[in-house]
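One-letter residues, chain by chain:
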Amino acid sequence: MTAFDQSDLPDTPDTEPNDQATPIIAVLGAGKIGEALMSGLLHGGHTADELLFTERHPERAAELTETYGIRGVEIEEAAQRADVLVVAVKPQDIEPLLETLAPLGASGQLVVTLCAGLPTSLFENRLGDVPVVRVMPNTPMVVGEAMSAISAGAYATPEHMATVEKMLSCVGQVVELPETQLNAVTALSGSGPAYFFYLVEAMIDAGILLGLPRAIAEKLIIQSAVGSAKMLLDSDAHPVILREAVTSPAGTTINAIRELEKHGVRAALLAAIEAARDRAVELGKAHE
Ligand SMILES: NC(=O)c1ccc[n+]([C@@H]2O[C@H](COP(=O)([O-])OP(=O)(O)OC[C@H]3O[C@@H](n4cnc5c(N)ncnc54)[C@H](OP(=O)(O)O)[C@@H]3O)[C@@H](O)[C@H]2O)c1
């Protein structure tokens, strides 16, 4: 994953204890989304000494430290030093992590979970009455354009929510929602970038089918995606109005739209996103 330019980072990580002016944030599980968050936080003004991470593979940890100047630590040190513990492991890997974390007494810390489908109650039940904030971000975090939804657990105060909102505002937009809506968010914007990439990939294939060189097809489609996204952002118009502006009577676009309707693309999207939501529910149920 391409990250922000890290050229302004310090060569050697600073390991001085926190002066409490800004929270120390530890990312537990520095995979795709964990790395994107660390990269975004650095870009958003956090310093490498305010961040820690845990990682299972030493080579991966060394690579992350070299790239970002952030120290990889054992979970014991993360639990001891961090004010905020960001859980960024796969939902399937949560049980061993919670088993390790529970005896370390994380009750004074804010636990932020990025895990799809896992309810805040899971963390509260296993770790004690800890403040937990559940977050569903997405990978555009790596370019500072994440869409994150946040929900408070039973012990999370407005101050905890403000801390998480501030942290995620460094890497994109944030909305606060009830936890009952987080599985829908997971299906919609958590997985959303994959749907757009899939669409772009299919449209590039269409360019190849029509005989265009691959590099040209890629350029045409990617810039069209960027331009369309900017129009959606900048105008107050509904997407239907923007689409109608490209759809002239007896023109080329309406021929394409007829094929999209004939092949049930809208229905396929509804069903696909519903299936993603169902999987998020299933992931949560596995830990009940
Ligand atoms: N990727 C997305 O688009 C996205 C979007 C929103 C939310 N999320 C959520 O973010 C979480 C992480 O997803 P991801 O795509 O970043 O997965 P990932 O790339 O597999 O990252 C998870 C990382 O955690 C490591 N790990 C697992 N158990 C650990 C432990 N006990 N201690 C330290 N490290 C541990 C894994 O190591 P191994 O390589 O050894 O497994 C891996 O490096 C998931 O819960 C997912 O639902 C992801």
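Keep in mind the model is a prediction, meaning the values are calculated, not measured. (Residues numbered from 1 in each chain as written. Predicted model: local features only at pLDDT ≥ 70, side-chain atom pairs only at ≥ 80, totals over all residues.)

K.L.:
Go over the overall build of the protein chain with me, naming the residues and quoting the values.
P.N.:
Counting secondary structure elements, the protein chain contains 12 helices and eight strands. Taken along the three principal axes of its C-alpha coordinates, the protein chain extends 65 × 45 × 35 Å. Counting across all 288 residues of the protein chain, residues that qualify as buried make up 33%. Considering only contacts within the protein chain whose residues lie at least 6 apart along the sequence, 67% involve residues at least 24 apart. (Helix = DSSP H or I, 4+ residues; strand = E, 2+ residues; numbered from the N terminus. Buried ≥ 20, exposed ≤ 12 C-beta atoms within 10 Å, placed from the backbone. Contact = placed C-beta atoms within 7 Å.)

K.L.:
With reference to specific residues and values, describe the sheet that holds strand S2 (residues 51-54).
P.N.:
Sheet architecture is open: eight strands sit in the order S3-S2-S1-S4-S5-S6-S7-S8, paired in mixed fashion. If you trace the sheet from one side to the other, it starts and ends with strand S3 (71-72) and strand S8 (172-176), each paired once. Where strand S4 (residues 84-87) meets strand S5 (residues 110-113), four bridges bridge the pair, whose relative direction is parallel. Along S5, the bridge assignment pairs Val84 with Leu110. In this fold helix H5 (residues 120-127) packs onto S5 and strand S6 (132-136), with an angle of close to 145° to the strand it touches most, S6. (Pairing = 2+ DSSP bridges. Axes fitted to C-alpha atoms, helices over the stretch in contact; angles between N-to-C directions.)

K.L.:
Can you lay out the site of the ligand for me, pointing to particular residues and giving the numbers?
P.N.:
For the ligand, the set of nearby residues contains 25 residues, the closest of which are Gly29, Gly31, Ile33, Cys115 and Ala116. For the shell around the ligand, the per-class residue count stands at 12 nonpolar, eight polar and five charged. (Near = placed C-beta within 6 Å. Nonpolar A, V, L, I, M, F, W, Y, C, P; charged D, E, K, R; others polar.)

K.L.:
Give me helix H9 (residues 214-234): which residues, what numbers.
P.N.:
Between its first and last C-alpha atoms H9 spans 30 Å; for 21 residues at 1.5 Å apiece the expected length is 30 Å, and the two agree. Among the 21 residues in H9, one count as buried, and that is only a small part of the element. (Expected span 1.5 Å × (residues − 1).)

K.L.:
Requested: an account of the nonpolar core, with residues and values cited.
P.N.:
Core analysis: the biggest nonpolar cluster contains 62 residues, and Ala26, Leu85 and Val86 have the highest contact counts within it. Broken down by element, this core gets its largest block of residues, six residues, from helix H1 (residues 32-43). In this structure, Ala26 is in contact with Leu52, Phe53, Thr54, Ala78, Ala82, Leu85 and Val86, ignoring residues within four places of it in sequence. (Core = buried A, V, L, I, M, F, W, Y, C linked by C-beta atoms within 7 Å.)

K.L.:
Kindly report on the domain arrangement of the protein chain, identifying the contributing residues and their values.
P.N.:
We note that the domain assignment places domain 1 (25-182) and domain 2 (192-283) within the protein chain. Each of domain 1 and domain 2 has a C-alpha centre, and these two points are 32 Å apart. Counting residues at the interface gives seven residues for domain 1 and five residues for domain 2. Across the side of domain 1 that touches domain 2, the residue classes tally to four nonpolar, three polar and no charged. (Domains from an automatic or database assignment.)

K.L.:
Outline the pairing of S8, supporting the account with residue identities and numerical values.
P.N.:
Walk down a regular strand and you will see the side chains alternate between the two sheet faces. Both strand S7 (residues 146-152) and S8 contribute to a ladder of five bridges, which runs parallel. Counted as the bridge partner of Met147 is Gln173 from S8. In this fold, S7 hands off to helix H6 (residues 158-169), which returns the chain to S8; that crossover is right-handed. (Right-handed = clockwise from strand over helix to strand, strands pointing away.)

K.L.:
Can you lay out the environment of Arg134 for me, pointing to particular residues and giving the numbers?
P.N.:
Here Arg134 shows up in strand S6. With 65 residues separating them in the primary sequence, Arg134 and Leu199 have C-alpha atoms 29 Å apart. Excluding its chain neighbours within four sequence positions, the residues that come into contact with Arg134 are Thr113, Thr120, Ser151, Gly153, Glu179 and Leu182.

K.L.:
Can you break down unusual backbone geometry residue by residue, with the values?
P.N.:
Apart from glycine, the bulk of residues carry a negative phi angle, and the bulk of peptide bonds sit in the trans form. In this structure, Ala250 takes a positive phi of about 55° despite not being glycine. Mapped onto the elements, Ala250 comes out in the loop between helix H10 (239-244) and helix H11 (252-262).

K.L.:
Can you break down the confidence of the model for the protein chain residue by residue, with the values?
P.N.:
Residues at a pLDDT of 70 or more form 92% of the protein chain, whose mean pLDDT is 91. Below pLDDT 50 for its whole length, residues 1-19 participates in 33 contacts with residues either more than four positions away or in separate chains. (pLDDT = per-residue confidence, 0-100.)

K.L.:
If you had to explain the packing of helix H8 (residues 192-209) against H9 to someone new, which residues and values would you point to?
P.N.:
At a closest axis distance of 9 Å, the pairing of H8 and H9 adopts a crossing angle of 140°. The orientation of H8 relative to H9 falls into the category oblique. Relative to H9, the crossing made by H8 is right-handed. Note on element contacts: H9 touches H8 through Arg214, Ala217, Glu218, Leu220, Ile221, Ile222 and Ala225, opposite Val200, Met203, Ile204, Gly207 and Ile208. In the contact of H8 with H9, the residues fall into nine nonpolar, one polar and two charged. (Parallel < 35°, antiparallel > 145°, perpendicular 65-115°, else oblique. Left-handed = near helix turned anticlockwise from the far one by under 90°.)

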